[in-house]
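# Overview (structure and organization)
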Amino acid sequence: VNIKDEVHTFTQNKKLHVKKQKIEYTKTENITQKITLDSQWTKSADNLYCLQDKAILAMDILDFSSIENPSEQNFALNRFRQNLTLGKEASYPYSQLFTVEQKDGFEIFSNIFFNDVAKTFTKDFKILHKIDSSTYSIMTLSIFYGTYSKNKKYFDSIIKSYGLK
């Protein structure tokens with residue numbers, strides 16, 4: 001698939017002193033998500049960060065404990081996983097580019113989506129981690145494809161920095 005996106009570009013300012021910062025998000029006791037971002041990212045909420053209008057990153061904890069029946073809990077989790085692969089509203093996934101990778105206990109979902117209304121492509125990452133039988137952490141990172149394709153190493157290093165503490 002040949003994707004061109006010259007509209008959504010981002011170039012790091014090499015002259016600008018970009019300070020790396022370790023970000024931590026704690027929603028529930030004893031579960032802290034962490035990631036390393038630089039000072040180009042803006043905090044929009046406790047668990048939400050934006051890189052100008054080029055990328056958005058969010059972290060959260062999913063708690064399925066209110067579903068008492070284990071088979072129903074498993075069904076809900078599988079439906080959630082399935083929704084990670086689907087587009088929303090006028091957004092369509094490129095299923096031939098969809099990947100799921102297991103790494104160090106994390107499930108990494110990756111795909112490219114096309115938004116038919118805005119005529120834009122986004123590179124999308126979702127990282128899911130099982131904390132216990134009913135609790136999962138999730139980190140999502142969505143980047144306009146033109147931005148991602150020209151800064152792949154930069155975004156890959158952000159993804160690699162994600163973890164739990």
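Everything here concerns the structure above.
Description of the structure in this document. (Residues numbered from 1 in each chain as written. Predicted model: local features only at pLDDT ≥ 70, side-chain atom pairs only at ≥ 80, totals over all residues. Heavy atoms only, no water.)

## What to know about the packing of aromatic side chains
Definition in use: The aromatic pairing rule takes the rings of Phe, Tyr and Trp, using the six-membered ring of Trp, and pairs them if the centres are within 6.5 Å, calling planes under 30 degrees apart stacked, those over 60 edge-to-face and the rest tilted. Numbered from the N terminus, helices here are DSSP runs of H or I no shorter than four residues, and strands are runs of E no shorter than two. Buried, partly exposed and exposed residues are distinguished by accessible area as a fraction of the type maximum, computed with a 1.4 Å probe on protein chains only: under 20%, between the cut-offs, and over 50%, respectively.
Following the criterion strictly, the structure yields eight aromatic pairs and no others. Residues F98 and F109 carry aromatic rings whose centres are separated by 6.3 Å and whose planes lie at 35° to one another, so their mutual orientation is tilted. Of this pair, F98 sits in the loop between strand 6 (91–93) and strand 7 (99–103) while F109 sits in strand 8 (residues 106–115), placing them 11 residues apart in sequence. For F109, a relative accessible area of 6% puts it in the buried group.

## Brief notes about the sheet that holds strand 2 (residues 31–38)
Note the cut-off: One bridge is not enough; two strands pair if DSSP finds at least two bridges between them. Contacts: residue pairs with any heavy atoms within 4.5 Å of one another. All axes are obtained by fitting lines to C-alpha atoms, using only the stretch in contact for helices, and the reported angles, taken between N-to-C directions, cover 0 to 180 degrees.
One open sheet accounts for three strands, arranged 1-2-11; its pairing is antiparallel. With one partner strand each, in any of the chains shown, strand 1 (20–28) and strand 11 (163–164) form the two edges of the open sheet. By the bridge criterion, eight bridges tie strand 1 to strand 2 in an arrangement that is antiparallel. Paired with Q21 across the strands is L37, a residue of strand 2. In the packing of helix 3 (residues 152–161) onto the sheet, contacts are made with strand 2 and strand 11, and the angle to strand 2 comes to roughly 160°.

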